[in-house]
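# Observations on chain architecture
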Amino acid sequence: GNSVTQMEGPVTLSEEAFLTINCTYTATGYPSLFWYVQYPGEGLQLLLKATKADDKGSNKGFEATYRKETTSFHLEKGSVQVSDSAVYFCALNLLAGRRALTFGSGTRLQVQP
Amino acid sequence: GAGVSQSPSNKVTEKGKDVELRCDPISGHTALYWYRQSLGQGLEFLIYFQGNSAPDKSGLPSDRFSAERTGGSVSTLTIQRTQQEDSAVYLCASSFSLSNQPQHFGDGTRLSIL
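Residues numbered from 1 in each chain as written. Chains lettered and ligands numbered in written order. Predicted model: local features only at pLDDT ≥ 70, side-chain atom pairs only at ≥ 80, totals over all residues. Heavy atoms only, no water.

### Some details on the overall build of chain B
Of the regular secondary structure elements, chain B holds zero helices and 10 strands. For chain B, the succession of helices and strands along the chain, N to C, is β-β-β-β-β-β-β-β-β-β. Principal-axis analysis of the C-alpha atoms gives chain B an extent of 40 × 25 × 25 Å. For chain B, restricting intrachain contacts to residue pairs at least 6 apart in sequence, the fraction spanning at least 24 positions comes to 55%. Just so you have it, chain B exposes about 5,600 Å², and 44% of that area is on carbon and sulfur atoms. (Helix = DSSP H or I, 4+ residues; strand = E, 2+ residues; numbered from the N terminus. Contact = heavy atoms within 4.5 Å. Areas by Shrake-Rupley, 256 points an atom, 1.4 Å probe, with all protein chains shown as cover.)

Now the structure itself:
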């Protein structure tokens, strides 16, 4: 079946630190990959996506590259801000077959001033 | 509005009662999804509608759960004879038909079963 594995949280960083949140996946077909973010008290928002190997998704200073050889889609940001504090979810769905998203367990990021 | 709209935002009910949760997707989106977010289980897929095709019900946890989508737009998720383990945030998402199109989520309905 399909699955997504994320690093355990919480991740606590100081403002302006470098962020990496690891995400690896297994899929029975060729997936599209997504990062969603959930700010405190809010719903899920799409952060970025990549639909084929070597694609890089980017948004709000966050980046992730679709690595088919390592089945990974790690999220990175060069300099985090307090406002980035949220829960981050890695997810995939398939080009064919089941369209529902398979989510990782989420990683809570806390950025301290 | 421009986004996915869900109602009610909060629902508290007694064990054994039936509840209905509503989702109004983004205009023009043909695909609609229901998910559940709970502390123990994370984010779980429940059911998926695409146009006039038969829905994918493979994620529904029991026959107490059902959903319909009328006129290809608004959807209602119904939980009959609610149990305490049904307490969760129920999320609706919609997207264009292609699977590589991102799903856009509503703010959810927080359901609490007493």
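Anyway, onward from the coordinates.
### Remarks on the pattern of salt bridges
Under the counting rule described, the total for this entry stands at six salt bridges over all chains. Between K56 of chain A and E63 of chain A there is a salt bridge, with the nearest N and O atoms lying 3.6 Å from each other. Taking the shortest distance from any N to any O, the salt bridge between D24 of chain B and R22 of chain B comes out at 4.0 Å. Take D24 of chain B: its relative accessible area is 29%, and that puts it in the partly exposed class. What makes R22 of chain B partly exposed here is its relative accessible area of 40%. (Salt bridge = Lys/Arg side-chain N within 4 Å of Asp/Glu carboxyl O. Buried < 20%, exposed > 50% of the residue type's maximum accessible area, 1.4 Å probe, protein only.)

### Here we look at the nonpolar core
Of all hydrophobic cores here, the largest spans 27 residues; its most connected members are L19, W35, L47, L48, F73, L75 and Y88 of chain A. Looking at this core, the elements that each hand over two or more residues are β2 (11–14), β3 (19–21), β4 (23–26), β5 (31–38), β6 (44–50), β8 (62–65), β10 (86–94) and β12 (107–112) of chain A. The leading source of residues in this core is β10 of chain A, at five residues. The residues touching L47 of chain A, leaving out its near neighbours within four places in the chain, are W35, Y36, V37, N59, K60, F62, L75 and Y88 of chain A. L21, L32, L60 and L111 of chain B belong to the second-largest nonpolar core, a separate cluster that totals 20 residues. (Core = buried A, V, L, I, M, F, W, Y, C linked by side-chain atoms within 4.5 Å.)

### Remarks on unusual backbone geometry
Residues and elements named next belong to chain A. The peptide bond linking G9 to P10 adopts the cis configuration, its omega dihedral lying at -5°. Even without being glycine, D54 reaches a positive phi, approximately 75°. The topology assignment puts D54 in the loop between β6 and β7 (56–59). Its relative accessible area of 53% is what places D54 among the exposed residues. Unlike most non-glycine residues, T71 shows phi in positive territory, near 45°.

### Here we look at the interface of chain B and chain A
With 19 residues of chain B in contact, the opposing surface of chain A contributes 18 residues. Carbon and sulfur atoms supply 55% of the area that chain B and chain A bury against each other, a total of about 1,600 Å² over both sides. Remark: the boundary between chain B and chain A carries zero salt bridges. At the junction of chain B and chain A, the tally comes to three residue pairs in polar contact (both at pLDDT 80 or more). Sorting the residues of the side of chain B that touches chain A by element identifies β4 (31–38) and β5 (42–50) of chain B as the ones contributing at least two each. Classifying every residue of the side of chain B that touches chain A by side-chain character gives nine nonpolar, eight polar and two charged. (Buried area = accessible area lost by both parts, 1.4 Å probe. Polar contact = N/O pair within 3.5 Å; in protein donor to acceptor, adjacent residues only side chain to side chain. Nonpolar A, V, L, I, M, F, W, Y, C, P; charged D, E, K, R; others polar.)

### Quick look at the pairing of strand β6 (residues 65–69) of chain B
Residues and elements named next belong to chain B. Burial of β6 is one-sided: the residues F65, A67 and R69 facing one way are buried, the residues S66 and E68 facing the other way are not. Two elements, β6 and strand β7 (residues 75–79), share five bridges in a ladder whose sense is antiparallel. Along β7, the bridge assignment pairs R69 with S75. Here β6 folds back onto β7 in antiparallel fashion, the turn holding five residues, of which G71 has a positive phi close to 60°. (Pairing = 2+ DSSP bridges.)

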